[in-house]
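As a plain string of letters, each chain reads:
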Amino acid sequence: MEVVRAYFRSPAAIVGLFLLLVVIAMAASAGWLFPRDPLALAGRPLVWPFTNPRFPLGTDNSGRDIAAQIFYGARISLLIGGVATVIAVFIGIVIGAVSGYYGGWVDNVLMRITEAFQTLPNFLLLLVLIAVFGSNINTVIIAIGIVSWPAPARLTRAEFLSLRNREFVQAGRTLGLKDLKLIFGEILPNALPPVIVYASVVMAVSILLESALAFLRLSDPNVASWGNLIGLGRDVLRVQWYVSAIPGIAILLTVLAVSLVGQGLNDALNPRLKGR
Amino acid sequence: MNFTRRAALMTSAAIAANVVDPFRAFAQTTPRKGGVFVVHYGAEQRQLNPSIQASTGVYIVSGKIQEPLVDLDAAGNPVGVLAESWESTPDGKTITFKLRRNVTWHDGKPFTSADVQFTAMEMWKKVLNYGTTLQLFLTAVDTPDAHTAIFRYERPMPLNLLLRALPDLGYITAKHLYETGDVRQNPLNLAPVGTGPFKFVQYERGQHIIADRHDGYWKGPANLDRIVWRVITDRSAAAAQMEAGQLHYSPFSGLTISDMARLAKDRRFIVSTKGNEGNARTNTLEFNFRRRELADIKVRQAIAHAINVPFFIENFLGDFAKLGTGPIPSVSTDFYPGANTPQYPYDKAKAIRLLDEAGVRPGAGGTRLTLRLLPAPWGEDISLWATFIQQSLGEVGIRVEVVRNDGGGFLKSVYADHAFDLATGWHQYRNDPAVSTTVWYRSGQPAGAPWTNQWGWKDDVIDKVIDDAATEVDPVKRKALYAEFVTKANAALPLWMPIEQIFVTTITARARNHSNTPRWGSSSWHDLWLAE
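Residues numbered from 1 in each chain as written. Chains lettered and ligands numbered in written order. Predicted model: local features only at pLDDT ≥ 70, side-chain atom pairs only at ≥ 80, totals over all residues. Heavy atoms only, no water.

**Student:** Hey, could you run me through the packing of helix H6 (residues 137-147) of chain A against helix H9 (residues 179-215) of chain A in this one?
**Tutor:** Packed helix pairs are specified by the crossing angle of their axes together with the interaxial distance, meaning the distance between the axes. All names here are of chain A. Contact pair H6 / H9: the axes reach a minimum separation of 10 Å and the direction vectors enclose 125°. The angle between H6 and H9 places the two elements in the oblique class. Pair H6 / H9 crosses with right-handed handedness. Across the interface between the two elements, Val-140, Ile-144 and Val-147 of H6 pack against Ser-206, Leu-209, Glu-210 and Leu-213 of H9. Counted by class, the contact of H6 with H9 contains five nonpolar, one polar and one charged residues. (Axes fitted to C-alpha atoms, helices over the stretch in contact; angles between N-to-C directions. Helix = DSSP H or I, 4+ residues; strand = E, 2+ residues; numbered from the N terminus. Parallel < 35°, antiparallel > 145°, perpendicular 65-115°, else oblique. Left-handed = near helix turned anticlockwise from the far one by under 90°. Contact = heavy atoms within 4.5 Å. Nonpolar A, V, L, I, M, F, W, Y, C, P; charged D, E, K, R; others polar.)

What follows is the structure, encoded as structure tokens:
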């Protein structure tokens, strides 16, 4: 309860949460507001926004309803953000926890691997993965998760390093708890808050990574994603700029929402900031 | 701001028609020497030898470096390049070319009839896409002396057909550089050596190709110092570079439709179909018969009936395109058989009925069938058309997954590996159906030959009509045979060609002597120059 109250103390966090709820509402209502396939031909191509009541946000250069694509795109963005983040955070936590808890050569080996990943620009690695495994939406999501795990891993490791010699851990050890139980049952819950906060960053970056891929026309062309719409709009950017601008604004607001929520969580969960 | 693409297209066409001539009228008369001409190169090829791969993507580069026996003049008539004259025996089985003297390769060796013999027998007949069909009945090339090449055919070869085919399928490669090893693997395929007005300098993959003026050119040195082909896959970026003056020429509809319409209104550019009359094209929909459902004629017919082509043309392509009626486009006055052949007008109910009859019934979620569609990466119209196919087939329960590839990957997946269900790209019609049209239907094409029948489909009757037409010396009978071919091909529907277009050129208004032949983009550009 304390945490919730702390969260709502920040106006930015409230705005973020509101925007995020709007995006979730869009994703939830897409099928109900736009029962037709968002990639289906809706009418003439390149109808400007606010000129035809049937297409409040106009149509793109393939004659698809932009509004429908924005609503369905919210689903894809949340899916990418959510699943890729879960993958990245899961891998990160496992590697970071094992590495931080055991230390020594285990830590050395795992951290060298993590560094190897960190030295590669993650977008380039993503391009390689997509080139090898193809640009299906599932492979795109998994690939984004795979390139995003090193930072959560380092964060978890740092938390574990500072927690592993605390009294409650020592106590658990003397009681004969197994390593696995200690790592995931005792230490992890205490190490989790900063990782959760960082997960919001991963989520925002994941959405941007997919958009960047789609801008290069390397994302899955068979789903209605905001990035695909921007990539498609590139062909008509000079005259019908709205095809790219509308999904661009949607991405901006979603990333902003996720970041603000993350910031709010950080403020609420960080004990050192309490009382300010 | 109710500015539709269609309105833009109409104004652009009107402007394009007006712009070309005023510039001609005020043109400087003395060519300026020097200058670098920068060309938009949209889709890289895996090799650049025009004796091995017939493609505008190859000619746009190597057409300046290597030369054919014959090219087309301004009026579209054959004019000798490496050949000076030609004659055919009345039975059409022997065609003699007198070759130009005092022509040397860029490495200094003389050009002789041995080069013609080698290229014809080892490349045109064995490897070159379209060439393998055209030269199917070529038995030998005799070389009584260094400047005479006698082509001997088992069945008659109409002289008119050969002369219309040779501008594209008649490029000569130096024998002394290709004698040993597999001609397809020769490293010079990416660093061509020829007899043309420009000699190859450098190819930086993904970046640029450079060719410099060849001072020893037999017609006299070209006007330009250098030609640079810049690899730009992003069409919008290419348009921006045209406006910044960093590109002079974007051939073969290389810009987006909306950018071409916009630049047509800019006095610094000429946007026109002129100079591309020899490269009419149709948009295709290619079926892979190895996919069980697609081997059923009813499914192919249903797919064709499900797509509203007039709607697509009116709203997406505008004046740059018209409804196609089959493999021979209406611009071909000598061979066009009219629209009175089997056609597949938009009829969604009929499409659904045909699918039901074929036993392709809706499964979970109403999906009858899931197909992979591979669109070629050249030309915005292909990408729009692929999306339109996807949308249209979705309406009748066929789910289409669009799979995008780069140029090389597309050609390999479709024409070598046959890893596709549907594919779409351009069929280019080159003045005579036997040049690059009937190969899309004739069986027996080697796997990997791009833009040929790789569908896993064979029809003995159509094969026979194709062969008979290609060896018929009487023009009236030939035309009748091609009408029969179109009728049968449209009925069998191994692929569908429902849209015809002529390429659009975007070029700087500073260019002179451009677009002056029907295949100018592919031609040698020896007389091209840039005004101040």
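**Student:** Would you mind showing me how to read unusual backbone geometry here?
**Tutor:** Where the residue is not glycine, phi is negative for most of them; where a peptide bond is considered, it is trans in most cases. Unusually for a residue other than glycine, Phe-50 of chain A sits at a positive phi of about 65°. In this fold, Phe-50 of chain A is placed in the loop between helix H2 (11-33) and helix H3 (66-102). Residue class for Phe-50 of chain A comes out exposed when judged on its relative accessible area of 73%. Unusually for a residue other than glycine, Tyr-130 of chain B sits at a positive phi of about 75°. With respect to the helices, strands and loops of the structure, Tyr-130 of chain B is situated in the loop between helix H3 (113-124) and helix H4 (131-134). (Buried < 20%, exposed > 50% of the residue type's maximum accessible area, 1.4 Å probe, protein only.)

**Student:** What exactly am I supposed to notice about the environment of Phe-200 of chain B here?
**Tutor:** Mapped onto the secondary structure, Phe-200 of chain B falls in strand E8 (residues 198-204). Taking C-alpha positions, Phe-200 of chain B is 44 Å from Val-476 of chain B, a pair spaced 276 residues apart along the chain.

**Student:** Could you clarify how one ought to interpret the environment of Gly-185 of chain A in this entry?
**Tutor:** For Gly-185 of chain A, the location among the structural elements is in helix H9. Separated by 141 residues in sequence, Gly-185 of chain A and Arg-44 of chain A place their C-alpha atoms 58 Å apart.

**Student:** Please clarify how the domain arrangement of chain B should be interpreted in this entry.
**Tutor:** Interface size is often expressed as the accessible area that is lost when the parts come together. Residues and elements named next belong to chain B. Its domain assignment divides chain B into domain 1 (32-46 + 187-275 + 504-530), domain 2 (56-185) and domain 3 (278-502). Taking only C-alpha atoms, the centre of domain 1 and the centre of domain 2 are 25 Å apart. Tallying the contact residues gives 34 residues for domain 1 and 35 residues for domain 2. A buried area of about 2,800 Å², summed over both sides, lies between domain 1 and domain 2, and 60% of it is on carbon and sulfur atoms. (Domains from an automatic or database assignment. Buried area = accessible area lost by both parts, 1.4 Å probe.)

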